[in-house]
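For reference, the chains in residue letters:
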Amino acid sequence: MEFNSYLFILAMLPITVIVFRLLQKCNNRYLSIAFLVIASLFFVGNRDLYSLAFLLASIVVNYAIAGFLKHPKYGKLILAFGIAVNVGTLAVVRYFVDRMFIGISFVTFQQIIFLVDSYKGLIDDKSVANYIFYITYFPKYVQGPIVKYDTVVSCLNKEEREKSAADEISCGLYYFAIGLAKKVLLADVLAKGVSYGWNNLENLSSAEAVITILLFTLQIYFDFSGYSHMAIGVSKMIGIDLPDNFDNPYIAKDISDFWGRWHISLTNFLREYIYIPLGGNRKGLIRTLINILIVYIISGAWHGAAITFVIWGLLHGVASCIHRVIKPIWKKVPGIIQWACTFGFVNFAWIFFRAPSVEAAFMMIKKVFAFEQFYTSEALKTCFHTAEISFLAGRFAGFNDWLSVNSGKPMYAFVLVAILLMFLAKDKMEKFRPTIWRSILAGSCLFFSIISLSTVVGFIYENF
Amino acid sequence: MKTSKTTMKSKSFIICTLLISAVLLVGFAGITVYVDPLFHFHGPSKGIQYPLYDERYMNDGIVRHYQYDCIMTGTSLTENFNPSIFDEQFGTNTVKVPFSGASYKEVNDIVEKALKEQSNLKYVVRGLDGNKLISDKDSMNYEDYPDYLYDNNLFNDVKYVLNKDLYVKYTEYVFAFMRLGGNSTTFDTYKNWAGLYEYGRDAILSGYERPDIEEEKELSEEDVELLMGNLMQNVISPAVNHPDVEFYYIVPPYSIFFYDDLSRHGELNRYIDAWQIAFNEMVKYSNIHLYSYSTKPEIVENLNYYMDIVHYNQEVSNYIIESLAGSEDQITQKNVAQHFARMRDHYLRFDYDALFDE
């Protein structure tokens, strides 16, 4: 099951929220946990039974390993073994198994967090119920955010809630609606243009190559941040706070700032569970730079089996290293230049993230810098001729020229709106104030998104 | 602290948001349910003119919700059939539901549905494409099926009524059609493409590349197994299960170039042998009325009738339907052997090279 599906929005979500809230009123903690676990297993199993089987196996194996972490002599070795089992399983599945298991990458990191924090004694209540709930909790299962054990478990222990159920549900509903719109109304439309560009690489003009790269920059942002908003929104409606995962990343003025705004939970995980254990910045500049490169290469490999992901990670690693070295000088550069360089670099690196092969990536780069043929084809423009445009063009003949595919105006208008939203709309869940305008916006987003669900495009990060 | 005039209570926010989306969704779905351009819930609504143009989206609804006692179906070779001619001859009320490029199974599925939905169905008129006989009985030639329109699952109908792409393509199209003064498409004109193409030798040859000569192929045991499975499941069983319904099966006349193609591929004997087996089986049933035009050179060899090696024009389509009232082109137990003797005699000895002489 996916968040952007009729079954989830019209059935599972309202039933889960209502039933869970009613169970909370009964004050039976284990019943509440059991319900959420069953809902989570249904969420995964409805999508793919093999993924469900993998999840259950992962739970059994890791809980068993955790049981031996307190061994006075071999605890550390067992921890290393546990991490190796999880990472090894991910590697084997990724490189040798011709099947995708939903959420495998995120579950791997969640299990590592559980094992490491268990070893360090940071987890007080490691009951089976709490552990299974932590791993399976469906809003964060498929694409994160990657959270610590206490982040979700402690929310169930709240004796007195800071906010009322209505406050939480209203806030969650709003963010879910916004997230759904980001995914269905923006990312899925952008995806068509991106697919066109990459599927017709040889025939692209330089202008189309630039547009394709920009479209992917927009697509991956709206796709992933949209999912995160939905996950946070759903969880908020249930009464469990998940951390923000995005903070307008494309306004970043340096690469470090970018990673403090993009997939924040991943950045936090990499820092706490890989970078710091490697020594962080405590062992001199050279070692620090090596550690940074290692972290980003791991990040790249975590995203996918293809070498293009590793190259993408390496590019960010190199950029981070350079930034670390020239930081004092960088601070003196005008802000607009800082932003332009950072945004330009991020766009460039995304080429490798999206490319089906290294050759294709270089071909795209070559197309951009060939500076020849500045046309945009009708096929590319058609990708943005949505049902809404067709409806308006049919109803209002006077706008036919403006709305026609050939004019390209729908494409440019769509991209412009997407760019404005990317920069101006806030990602972070600040203090939510329910207003009539937000209600109208959320209601409209839900409506337009639901009627757009039939042409569902899968989430990008679901593949990791 | 002052709150803005637009601030609401959380409960009100939830109710207001859900109400806005619910009203919009119900309204949106309601329009499609009322108009129902795909006839999924009901037949044509009074006062609305319906354009018919999308076979795989509309045929199921037509079969379920129109009133008729005769169904006319098949592939693109039946799209130019005029049901009105059949109705005049047989006193029936016919719906035409062709599926371009369909396999026998796909066409049979709609026949079975009509037999199930229409208790007073009297006639089935169906084209049997010559080149699809030796096929897997369950093969379907169309991948992207709107399954939600073909089943009885009410829940997945959300894909129809809450779908903006379908709304613009079908529901809104009805409104645009009516604004332009259109009248409901008749079944004579539904998917009729006859007037859109050029016919004649040049038209045929523009799409036909004469293949190299290949080795002669025999009808194998596997071929027979395939064709019998296909025939029994998708052609004969509906007639067996519904003895009170008259089944008019038409094997459309392919052009002489089709036989040239078979001959070059070494498949001519195989083709004729396969159809002889099929015909011998079909003529056993009294409610199957079998028609073939393969031994009519005045049709098959008249290149002006064809736009490619298989597709014929309106004149031939009309002749076929008119012939169903008589017996001149009917194949029965009495003349089936003679029919195939004539076919072999004609097509195995035909001078195909002469077709390419200028």
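Residues numbered from 1 in each chain as written. Chains lettered and ligands numbered in written order. Predicted model: local features only at pLDDT ≥ 70, side-chain atom pairs only at ≥ 80, totals over all residues. Heavy atoms only, no water.

## A look at the overall build of chain A
Right, so step 1: Summing up its helical and strand segments, chain A has 21 helices and zero strands in all.
Right, so step 2: In terms of overall size, chain A behaves like a compact globule, its C-alpha atoms giving a radius of gyration of 23 Å where 464 residues would be expected to give roughly 23 Å.
Right, so step 3: Along the longest, intermediate and shortest principal axes, the C-alpha atoms of chain A span 70 × 55 × 45 Å.
Right, so step 4: Residue pairs in contact within chain A that sit at least 24 positions apart in sequence constitute 76% of those at least 6 positions apart.
Right, so step 5: When the accessible surface of chain A is totalled, it reaches about 19,900 Å², and 67% of it is carbon and sulfur.
Right, so step 6: When the 41 positive and 30 negative side-chain charges of chain A are each reduced to one mean point, those points stand 6 Å apart. (Helix = DSSP H or I, 4+ residues; strand = E, 2+ residues; numbered from the N terminus. Rg over C-alpha atoms; globule rule 2.2 N^0.38 Å. Contact = heavy atoms within 4.5 Å. Areas by Shrake-Rupley, 256 points an atom, 1.4 Å probe, with all protein chains shown as cover. Lys, Arg positive; Asp, Glu negative; His and termini not counted. Charge placed at Lys NZ, Arg CZ, Asp CG, Glu CD.)

## Some details on the overall build of chain B
Right, so step 1: Counting its regular elements, chain B contains 14 helices and six strands.
Right, so step 2: Its C-alpha atoms give chain B principal-axis dimensions of roughly 100 × 50 × 45 Å.
Right, so step 3: The proportion of buried residues among the 358 residues of chain B is 56%.
Right, so step 4: Considering only contacts within chain B whose residues lie at least 6 apart along the sequence, 81% involve residues at least 24 apart.
Right, so step 5: When the accessible surface of chain B is totalled, it reaches about 16,500 Å², and 52% of it is carbon and sulfur.
Right, so step 6: One finds the centroid of the 31 positive side-chain charges in chain B at a distance of 12 Å from the centroid of its 54 negative side-chain charges. (Buried < 20%, exposed > 50% of the residue type's maximum accessible area, 1.4 Å probe, protein only.)

## Regarding a nonpolar patch on the surface
Right, so step 1: Taken together, the side chains of Val92(A), Tyr95(A), Phe96(A) and Val97(A) present a nonpolar region at the surface, about 420 Å² in accessible area.
Right, so step 2: You can call Tyr95(A) partly exposed: its relative accessible area is 46%. (Patch = residues over 30% accessible without salt bridge, like charges linked within 9 Å, V, L, I, M, F, W, Y side chains within 5 Å. Salt bridge = Lys/Arg side-chain N within 4 Å of Asp/Glu carboxyl O.)

## Focus: the nonpolar core
Right, so step 1: In this structure, Phe8(A), Phe176(A), Tyr259(B), Trp275(B) and Met282(B) are the most contacted members of the largest nonpolar core, which totals 259 residues.
Right, so step 2: Considering each element in turn, this core owes the most residues, 18 residues, to helix α9 (residues 165–199) of chain A.
Right, so step 3: Not counting residues up to four positions away in its chain, the partners in contact with Met282(B) are Leu128(B), Leu231(B), Val235(B), Ile236(B), Tyr249(B), Trp275(B), Ile288(B) and Leu290(B). (Core = buried A, V, L, I, M, F, W, Y, C linked by side-chain atoms within 4.5 Å.)

## Let's talk about the sheet that holds strand β6 (residues 330–331) of chain B
Across a sheet, strands are paired by hydrogen bonds formed along the backbone, either parallel or antiparallel in direction.
Residues and elements named next belong to chain B.
Right, so step 1: Read from one edge to the other, the open sheet built from six strands follows the order β2-β1-β3-β4-β5-β6, with strand pairing classed as mixed. Two strands close off the open sheet at either side, each with one partner strand: β2 (94–96) and β6.
Right, so step 2: Looking at chain direction, strand β1 (residues 70–73) and β2 are connected through three bridges and run parallel. Bridging across to β2, Met-72 finds its partner in Lys-96. (Pairing = 2+ DSSP bridges.)

## Topic: helix α3 (residues 83–90) of chain B
Right, so step 1: Among the residues of α3(B), those classed as buried are Pro83(B), Ile85(B), Phe86(B), Asp87(B) and Phe90(B).
Right, so step 2: Where α3(B) terminates, the next one or two residues include Gly91(B), which has phi positive at roughly 65°.

## Topic: the interface of chain A and chain B
Right, so step 1: On the chain B side, the residues contacting the 34 residues of chain A number 28 residues.
Right, so step 2: Both sides together, the interface formed by chain A and chain B hides about 2,600 Å², and carbon and sulfur atoms give 71% of it.
Right, so step 3: Broken down residue by residue, the surface that chain A buries against chain B is led by Pro434(A), Phe447(A) and Ile451(A), which jointly contribute 21%.
Right, so step 4: The interface formed by chain A and chain B includes two salt bridges. (Buried area = accessible area lost by both parts, 1.4 Å probe.)

## Describing the pattern of salt bridges
All names here are of chain A.
Right, so step 1: Considering all chains together, one arrives at 33 salt bridges over all chains under this definition.
Right, so step 2: Linking Arg-21 and Glu-168 is a salt bridge whose minimum nitrogen-to-oxygen distance equals 2.8 Å. Taken together, the positions of Arg-21 in helix α1 (residues 6–25) and Glu-168 in helix α9 put the pair 147 residues apart, joining distant regions of the chain.
Right, so step 3: Given a relative accessible area of 2%, Glu-168 falls into the buried group.

## Here we look at empty space enclosed by the protein
Residue and element names in this part refer to chain B.
Right, so step 1: Summed over the entire model, instances satisfying the criterion amount to five cavities of 30 Å³ or more.
Right, so step 2: The volume enclosed by the second largest cavity comes to roughly 60 Å³.
Right, so step 3: Lining the second largest cavity, in full, are Val-251, Pro-252, Tyr-259, Tyr-271, Trp-275, Phe-279, Ser-292, Ser-294, His-339, Phe-340 and Met-343.
Right, so step 4: Elements with a contribution of two residues or more to the lining of the second largest cavity: α11 (268–282) and α14 (336–347).
Right, so step 5: In the lining of the second largest cavity, the residues fall into eight nonpolar, three polar and no charged. (1 Å grid on protein atoms, 1.4 Å probe; cavity = no way out; pocket = protein on both sides within 12 Å on 5 of 7 lines; lining within 4 Å. Points joined across faces, edges and corners; volume = space filled by probe spheres on them. Nonpolar A, V, L, I, M, F, W, Y, C, P; charged D, E, K, R; others polar.)

## What to know about the confidence of the model for chain B
Right, so step 1: Here chain B averages 93 in pLDDT, and 98% of its residues register 70 or above.
Right, so step 2: Taken together, the chains of this predicted complex give a pTM of 0.88 and an interface ipTM of 0.88. (pLDDT = per-residue confidence, 0-100.)

## Observations concerning the packing of aromatic side chains
Aromatic rings considered in pairs are described by the distance between their centres and by the relative angle of their planes.
Right, so step 1: Under the defined criterion, the tally for this structure stands at 82 aromatic pairs over all chains.
Right, so step 2: Centre to centre, the rings of Tyr221(A) and Phe222(A) are 5.0 Å apart; their planes meet at 65°, and the pair counts as edge-to-face. Of the two residues, Tyr221(A) and Phe222(A), neither departs from the other in class, the shared state being buried.
Right, so step 3: Measuring from centroid to centroid gives 5.4 Å for Phe432(A) and Phe13(B), while their planes differ by 80°, and the two rings are edge-to-face. In this pair, Phe432(A) sits in the loop between α20 (409–424) and α21 (436–450) while Phe13(B) sits in helix α1 (residues 10–35), so the two residues belong to two different chains.
Right, so step 4: Above the face of the Tyr174(A) ring, Arg438(A) is positioned so that its terminal group lies 5.3 Å from the ring centre. (Phe/Tyr/Trp six-rings, centres within 6.5 Å; stacked < 30°, edge-to-face > 60°. Lys NZ or Arg CZ within 6 Å of the ring centre and 35° of its normal.)

## Description of the pairing of strand β5 (residues 288–292) of chain B
All names here are of chain B.
Right, so step 1: Extensive coverage of β5 is indicated by the burial of five of its five residues.
Right, so step 2: Alignment of strand β4 (residues 246–251) against β5, held across five bridges, turns out to be parallel. Residue pairing across strands places Phe-247 opposite Ile-288, the latter belonging to β5.
Right, so step 3: Relative to β6, β5 runs antiparallel, the two being bridged by two bridges. If you follow Leu-290 over to β6, its bridge partner there is Ile-331.

## A word on the environment of Asp244(A)
Right, so step 1: Looking at the secondary structure, you find Asp244(A) in the loop between α10 (206–238) and α11 (255–259).
Right, so step 2: The contact partners of Asp244(A), leaving out residues within four places of it in the chain, are Ile232(A), Ile264(A), Asp427(A), Lys428(A) and Met429(A).

## Here's the deal with the packing of helix α3 (residues 49–66) of chain A against helix α4 (residues 75–96) of chain A
Residues and elements named next belong to chain A.
Right, so step 1: Two elements in contact, α3 and α4, have axes whose closest approach is 10 Å; the angle formed by their N-to-C orientations is 170°. Classified by the interaxial angle, the pair formed by α3 and α4 is roughly antiparallel. Between α3 and α4 the crossing geometry is right-handed. Here Phe-54, Ser-58, Val-61, Asn-62 and Ile-65 of α3 come into contact with α4, specifically with Ile-78, Phe-81, Gly-82, Val-85, Asn-86 and Thr-89.
Right, so step 2: The residue makeup of the contact of α3 with α4, split by class, is six nonpolar, five polar and no charged. (Axes fitted to C-alpha atoms, helices over the stretch in contact; angles between N-to-C directions. Parallel < 35°, antiparallel > 145°, perpendicular 65-115°, else oblique. Left-handed = near helix turned anticlockwise from the far one by under 90°.)

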